[in-house]
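Notes for the structure review
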Amino acid sequence: MPFTESITVPNDRFRSFRIGSLAILLVNQNDEWRYTSWLGDAPELPDEGHIDDLTEEYEWIRWDNAEGDEKVQLAPAFPELPLIARPHGIINIPPKGSALFHIGIPASVKILAECAGVMTPLASLPTQSLSKTWHGNQHKGTPCYALRTNARRRIEKLQCYSNDIICQVDVQNSSDEVTSFDRLYLETDHLAIYSKGEQLWASACRIKVKEAGEKFTRIIFSNTPLAPANDSTRLVEPAHGKTQKSSLFNVFTSFKDVLS
Amino acid sequence: MLLDSFLLAQSTASADSFDSLIQALPSWIPDWARAKWLVKAIATLLILIIGIPIIRFITTRVAKATSKRLNVSASMLMTKAAKYALYVTLILGVLGIFGVTPTAILGAAGVAGVAIGFASQTSLSNVISGLFLIGERPFRIGDLIEVNNTTGVVDSINLLSCHLRTLDNKMVRIPNETLVKTMVTNISRHPIRRVNLDISVSYDEDINTVTRILKEEIEKHPLALEEPAPLIMFKGFGDSSLDFLVGAWAQQSDFLGVKNGLLQAIKERFDTEGIEIPFPHITLATGKAAATIPAAKRGD
């Protein structure tokens, strides 16, 4: 993963990056940052070079910068929309029971570049194509991304790529009834991103179901991931600041009523 | 006759008060500046200069106050009502300078009102319909609606009519009465919408294969929602085709993107898989084949 400290791209030079199926070409030219990206098929590009080496015409997205602005940083980020994760099949959690799930979230790449001396976010680009889904009913709801890989009980079974952020979710059934877990709606705004080795991790979260079918479910965010990543390094702070607790609307909402 | 005498009496009373006002002016003001018409003109100008900004200020405050508590349409209506009421008051004030009192105007309006009432039944109906629309709220400003085969975005809801901006940027004025009487379809009320596509394939094709391909293409489209689940229905046997209904859900903002994208993706996939999309064939016959068939003679 090229998520590193800032690097320098001097004037009239370019750098290219490849993260998962995402390819990025970034140029510093004429007091401008110019970048273009491809998801999937991308042209073969050297890692860095002089702009005269770029023979093809690209469709650039341009940002004004000042003379002497050279710093660039790529940082991991969560996708822009909340996420829907599913287990391999419906899992029933008995009263007072709990179940730990591991979820692989495809990271986005945030491009930060120096503009008049200030590191400015230029873009947040997904490393995988994500398909949209809907959390709610036909009258109201929230657009989300559907995760292509299933939430798994054991981390070894999680189909995970190096550009995925692993999030551990501990579901605790504090109610006196069985809770069926068929889908998880996850807002990532309060999650921090950590790294351990080549792998990215998110803050662990615990969901407490106090009453079966309750409208609001309590979610508690941990300061670190759980083992084996509890000694990882924090890379990115939560987008909406640090919080310990949050109420998620209908975390376990079923879509049975949608088509009825 | 009675009304004329009434207006004359009111006008005389107002003129008397104006005369006393002119006499009360300071002595240093020259005689030429004491001309009644000049004083009246200055007073009118002063009322307009002070009154119009005050009206604008008040209507702005009303708009701000109502926009917090009411929806856009009701807020707009309240603001307009306040604006009209204030301007009527201002005009009455100006007319008062020239000796026309509100009582006189209302008296005249009472007589004229009966005649105007008969003539303005349609307008009144539109006003009342407008109030029903505000109360019932079948649509709001910014909604995409369809009325009598006209589709457009609601630009404004007024006392007499609603203005639609069609998708090709024409303005259509629809009387409120029409909107109450006819069927109105609000296309953008709900956040998600189903994209319905009619797909036909040749009778030679396998129904299960076609269904699988259609499902895969919806799953592949990044903007087509996974949930609610898409609908793929075998509709039946057409004249020369097997007919399917494909329904994929999309957010309102993605509707056109999903529709165009899916149609293109399905066509390309059918081409790759060798699935035939039938189309009507017309055979042109010329020469002998096109000659009229002779009718058989009786007894033949």
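Definitions and cut-offs
- Residues numbered from 1 in each chain as written.
- Chains lettered and ligands numbered in written order.
- Predicted model: local features only at pLDDT ≥ 70, side-chain atom pairs only at ≥ 80, totals over all residues.
- Heavy atoms only, no water.
- Pairing = 2+ DSSP bridges.
- Helix = DSSP H or I, 4+ residues; strand = E, 2+ residues; numbered from the N terminus.
- Axes fitted to C-alpha atoms, helices over the stretch in contact; angles between N-to-C directions.
- Core = buried A, V, L, I, M, F, W, Y, C linked by side-chain atoms within 4.5 Å.
- Buried < 20%, exposed > 50% of the residue type's maximum accessible area, 1.4 Å probe, protein only.
- Contact = heavy atoms within 4.5 Å.
- Polar contact = N/O pair within 3.5 Å; in protein donor to acceptor, adjacent residues only side chain to side chain.
- Buried area = accessible area lost by both parts, 1.4 Å probe.
- Salt bridge = Lys/Arg side-chain N within 4 Å of Asp/Glu carboxyl O.
- Nonpolar A, V, L, I, M, F, W, Y, C, P; charged D, E, K, R; others polar.
- Phe/Tyr/Trp six-rings, centres within 6.5 Å; stacked < 30°, edge-to-face > 60°.
- Lys NZ or Arg CZ within 6 Å of the ring centre and 35° of its normal.
- Parallel < 35°, antiparallel > 145°, perpendicular 65-115°, else oblique.
- Left-handed = near helix turned anticlockwise from the far one by under 90°.

So, the sheet that holds strand β6 (residues 192–201) of chain B
Residues and elements named next belong to chain B. In space, the three strands of this open sheet follow the order β6-β8-β7, with antiparallel pairing throughout. Across the chains shown, the open sheet's two edge strands, defined by having one partner strand only, are β6 and β7 (231–237). Each adjacent strand pair in this sheet contributes to an overall mean axis angle of 20°, direction not counted. Of the strand pairs in this sheet, β7 and strand β8 (residues 242–251) are connected by six bridges, and their pairing is antiparallel.

Some remarks on the nonpolar core
Ranked by size, the top nonpolar core spans 48 residues in total, and within it L26(A), I105(A) and I111(A) carry the most contacts. Once you skip the residues sitting within four places of it in the chain, L26(A) turns out to touch V9(A), R13(A), F14(A), R15(A), F17(A), W33(A), R34(A), Y35(A), V72(A), I111(A) and L122(A). Within the second largest apolar cluster, 20 residues are counted, among which are L197(B), V246(B), A248(B) and L262(B).

A closer look at the side chain of T188(A)
Residues and elements named next belong to chain A. Note that T188 resides in the loop between β17 (184–186) and β18 (193–196). Taking relative accessible area as the criterion, T188 reaches 5% and is therefore assigned buried. Filtering out sequence-adjacent residues up to four positions away, T188 remains in contact with F78, P79 and L83.

Remarks on the side chain of S16(A)
Residues and elements named next belong to chain A. Structurally, S16 can be placed in strand β2 (residues 13–19). Here S16 falls in the buried class, since its relative accessible area comes to 11%. For S16, the side chain forms a polar contact with the main-chain oxygen of P46, separated by 2.7 Å.

Comments concerning the interface of chain A and chain B
Contact with chain A, which involves 17 residues of that partner, is made by 15 residues of chain B. Around 1400 Å² of area is buried between chain A and chain B when both sides are counted, 55% of it from carbon and sulfur atoms. Counting the surface chain A buries against chain B, the share from its top three residues, K132(A), W134(A) and Q138(A), is 45%. Notably, a salt bridge pairs R86(A) with E227(B), separated by 2.5 Å at the nearest N-O pair. Those elements that place two or more of their residues in the side of chain A that touches chain B are β13 (131–136) and β14 (141–146) of chain A. The dominant element in the side of chain A that touches chain B, judged by the number of residues it contributes, is β13(A), at four residues. Here the side of chain A that touches chain B is built from residues that sort into seven nonpolar, six polar and four charged.

Some remarks on the pattern of salt bridges
All names here are of chain B. Counted by the stated rule, this structure contains 17 salt bridges over all chains. Between D168 and K170 there is a salt bridge whose closest N-O contact spans 3.5 Å. The network of salt bridges with shared partners includes R212, E216, E217, K220, R269 and E273.

A short note on the packing of aromatic side chains
One pass over the full model with this rule turns up five aromatic pairs over all chains. For the ring pair W38(A) and Y58(A), a centre distance of 5.6 Å and an interplane angle of 80° mean the geometry is edge-to-face. Of this pair, W38(A) sits in strand β4 (residues 32–39) while Y58(A) sits in the loop between β5 (48–50) and β6 (61–64), placing them 20 residues apart in sequence. You'll find W38(A) and Y58(A) in the same group, each marked buried. Ring plane angle 50° and centroid distance 5.3 Å describe the contact between F234(B) and F244(B), whose orientation is recorded as tilted. Separated by ten residues along the polypeptide, F234(B) in strand β7 and F244(B) in strand β8 bring together distant segments of the chain. According to the relative accessible area criterion, F244(B) is buried, its value standing at 0%. Lying over the aromatic face of F255(B), R193(B) brings its terminal NZ or CZ to 3.7 Å of the ring centre.

Overview of the packing of helix α7 (residues 207–220) of chain B against helix α8 (residues 255–273) of chain B
Residues and elements named next belong to chain B. The N-to-C vectors of α7 and α8 enclose an angle of 135°; their axes lie 10 Å apart at closest approach. It follows from the interaxial angle that α7 and α8 lie oblique. Handedness of the α7/α8 crossing: right-handed. Of the residues in α8, those in contact with V210, R212, I213, L214, E216, E217, I218 and K220 of α7 are L262, A265, I266, R269, F270 and E273. Residue composition of the contact of α7 with α8, grouped by class: eight nonpolar, no polar and six charged.

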